Amino acid sequence: MIDLAQDTPSNPLFRLGAQPIALTAAALLLLIAGVTSIAIWRAYTGAAPETDRVVASRQLQARTAQASEQLVEKTKGLEATQQESIDQLQVVQDQLQTMKRLMAAQQADTKRLSEQVASLNESIDGLRQSFASARATDVEAPAVTRRKPARHRVQASARKRSRG
């Protein structure tokens, strides 16, 4: 027996494979219809993702450049502020050194004056002691009456004679 079923293809893919031009034409028509619908949709809505992406990337670049410039300006400002702080600190350190020198000179003067005051106190104590000892010797010695000098006596006697 001869099998007739083998001669007729039962698979529909085999039938399509027999007409490849029709299959290719149908795929090409579907592809063209899809591209055309996308183009019409973009033209109608006015939205093109590529241009939006380009615009967005340019905006991002502009923001990045602006942020970078601001960062540079702030850095320069911080550098200037830091330099001013360093200068002020240097001035304060110079003033501190000057104050230390002045304080040391003042302490030396104070020490010198203290030594002079101590020396004067010792001298005063010595004078007090010598004055006290001189008084003690005056009290022990008899009191001597002082006579008027000869010149005064002569003048006094001349006055008495002229009156009398």
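Residues numbered from 1 in each chain as written. Predicted model: local features only at pLDDT ≥ 70, side-chain atom pairs only at ≥ 80, totals over all residues. Heavy atoms only, no water.

K.L.:
Sorry, what's going on with the overall build of the protein chain here?
P.N.:
When you go through the protein chain residue by residue, the secondary structure sums to 4 helices and 0 strands. Ordered by position in the sequence, the α and β elements of the protein chain form the string α-α-α-α. The proportion of buried residues among the 164 residues of the protein chain is 0%. Carbon and sulfur atoms make up 61% of the accessible area of the protein chain, which totals about 15700 Å². (Helix = DSSP H or I, 4+ residues; strand = E, 2+ residues; numbered from the N terminus. Buried < 20%, exposed > 50% of the residue type's maximum accessible area, 1.4 Å probe, protein only. Areas by Shrake-Rupley, 256 points an atom, 1.4 Å probe, with all protein chains shown as cover.)

K.L.:
Can you help me understand the confidence of the model for the protein chain in this one?
P.N.:
Regions with low pLDDT should not have their predicted coordinates read in detail. Considering every residue of the protein chain, the mean pLDDT works out to 82; 72% of them sit at 70 or more. For the protein chain, per-element mean pLDDT is lowest for helix α1 (residues 12-17), which scores 55, and highest for helix α3 (residues 49-140), which scores 92. (pLDDT = per-residue confidence, 0-100.)

K.L.:
Whenever I open this one, a nonpolar patch on the surface confuses me. Can you help?
P.N.:
Taken together, the side chains of L28, L31, I32 and V35 make up a nonpolar region of the molecular surface, amounting to roughly 390 Å² of accessible area. Residue position: V35 is located in helix α2 (residues 20-45). (Patch = residues over 30% accessible without salt bridge, like charges linked within 9 Å, V, L, I, M, F, W, Y side chains within 5 Å. Salt bridge = Lys/Arg side-chain N within 4 Å of Asp/Glu carboxyl O.)

K.L.:
Would you mind showing me how to read the pattern of salt bridges here?
P.N.:
If charged atoms from side chains of opposite charge come close, those side chains can pair. Taken as a whole and assessed by the stated rule, the structure comprises 2 salt bridges. One salt bridge connects D125 with R128, and the closest N-O pair in it is separated by 3.9 Å. Note that D125 and R128 are positioned in helix α3 at a spacing of 3 residues, about one turn of the helix. On the basis of relative accessibility, which here comes to 40%, the residue D125 falls in the partly exposed class.

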